[in-house]
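Understanding the architecture of this molecule
As a plain string of letters, each chain reads:
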Amino acid sequence: MKASYFLASKYAQALLGTLEEKGEISRLDEYVEAFQRLKKALESSESLRDMVYSPLIPPKHIVSRMKDVSEFDDTVFVQFLEVLVDKRRQNLIPFMSHILYQESLEREKVVEVRLVLPNEVSNTIINQVKQAIQNKTGRKIKLRTQFNEDLIGGLQLYIGDKFFDYSVKGFLEDIQSAYAPVSGGEIFES
């Protein structure tokens, strides 16, 4: 069965509802980490994928193996895995990992920001960028930095699902697309 983001969100909402009902929602980050470990293991191990998605392997064995891989022995988590396996929905785990992570960020009023720079800069500059974003959004910032030599200068920001390009490379690409001929041919004529 093909994985569906919509269906994964329904299962994630059911898990969140159960955690709230049991007064365990404060442990959401533990569930997120468990799902992320499980997702990473499924992506990196073909033999684990084959076993988890096999219709021939007993569901209890699949759940037991997923519990071991997730390194999270929690009653609600294991029961949830049992439901997923029973309904043959273990293919939703990658989507659920993402959905639960986003929900965790939202509940903590945190914005994930990816800062792409052309080369390494001082922590002072990175902290200034972080503080400026925090002031604009009014939220705590979870900042990840990357370096990309192709940028030449400036920076690129990924804030949540939005992209802001303040790089020299982006500026030059904007100029090129603005002044490129519509029907082909030369830009400048003699």
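Thresholds, definitions, all that
- Residues numbered from 1 in each chain as written.
- Predicted model: local features only at pLDDT ≥ 70, side-chain atom pairs only at ≥ 80, totals over all residues.
- Heavy atoms only, no water.
- Patch = residues over 30% accessible without salt bridge, like charges linked within 9 Å, V, L, I, M, F, W, Y side chains within 5 Å.
- Areas by Shrake-Rupley, 256 points an atom, 1.4 Å probe, with all protein chains shown as cover.
- Salt bridge = Lys/Arg side-chain N within 4 Å of Asp/Glu carboxyl O.
- Helix = DSSP H or I, 4+ residues; strand = E, 2+ residues; numbered from the N terminus.
- Buried < 20%, exposed > 50% of the residue type's maximum accessible area, 1.4 Å probe, protein only.
- Polar contact = N/O pair within 3.5 Å; in protein donor to acceptor, adjacent residues only side chain to side chain.
- Contact = heavy atoms within 4.5 Å.
- Phe/Tyr/Trp six-rings, centres within 6.5 Å; stacked < 30°, edge-to-face > 60°.
- Pairing = 2+ DSSP bridges.
- Axes fitted to C-alpha atoms, helices over the stretch in contact; angles between N-to-C directions.
- Expected span 1.5 Å × (residues − 1).
- Arc of directions from axis to C-beta.

**Re a nonpolar patch on the surface**
Together, Ile152, Val168, Phe171, Leu172, Ile175 and Tyr179 make up a nonpolar patch on the protein surface, roughly 620 Å² of accessible area in all. Relative to the helices and strands, Phe171 is located in helix H8 (residues 168–179). With relative accessibility at 52%, the residue Phe171 sits in the exposed group.

**Some remarks on unusual backbone geometry**
Phi at Lys109 takes a positive value of approximately 55°, unusual for a residue other than glycine. Relative to the elements of secondary structure, Lys109 occurs in the loop between helix H6 (93–107) and strand S1 (110–117). Of note, the phi angle at Ile152 is positive, near 70°, even though the residue is not glycine. One can find Ile152 in the loop between strand S2 (140–147) and strand S3 (154–159).

**Points about the side chain of Gln156**
Note on placement: Gln156 falls in strand S3. At 3.5 Å, the side chain of Gln156 forms a polar contact with the side chain of Asp165. When neighbours within four sequence positions are excluded, Gln156 is seen to be in contact with Arg114, Leu115, Val116, Leu151, Phe163, Phe164, Asp165 and Ser167.

**A closer look at the packing of aromatic side chains**
This model, assessed by the stated rule, comprises 9 aromatic pairs. Judged by centre distance (6.1 Å) and plane angle (70°), the rings of Tyr31 and Phe77 are edge-to-face. Taken together, the residues Tyr31 in helix H2 (residues 28–44) and Phe77 in helix H5 (residues 75–86) connect sequence positions 46 residues apart. When the centroid spacing of 4.7 Å and the interplanar angle of 40° are considered together, the rings of Tyr158 and Phe163 count as tilted. Judged by relative accessible area, which is 27%, Tyr158 ranks as partly exposed.

**Digging into the sheet that holds strand S4 (residues 162–167)**
Taken together, 4 strands build an open sheet; the order of strands is S2-S1-S3-S4 and the sheet is mixed. Strands at the two margins of the open sheet, each flanked by one partner only, are S2 and S4. Strand-to-strand twist across the sheet, computed as the mean angle between neighbouring axes with direction ignored, equals 15°. In this structure, S1 lies alongside S3, joined through 4 bridges in antiparallel fashion. Across the sheet, Leu115 pairs through a bridge with Leu157, a residue of S3. Lying over the sheet, helix H7 (residues 123–137) contacts S1, S2 and S3, oriented at roughly 140° with respect to S2.

**What to know about H7**
Over its 15 residues, H7 runs 21 Å from end to end, which matches the ideal 21 Å to within 8%, given 1.5 Å per residue. Of the positions making up H7, those classed as buried are Ile126, Val129 and Ile133. Angularly, the buried residues of H7 cover 65° about the axis, an arc narrow enough to put them on a single face. Seen from the open side of H7, the exposed residues pointing more than 90 degrees away from its buried face are Asn123, Thr124, Gln128 and Asn135. Here the buried face of H7 lies against S1, S2 and S3. A positive backbone phi angle near 75° is found at Gly138, which sits one or two residues after H7.

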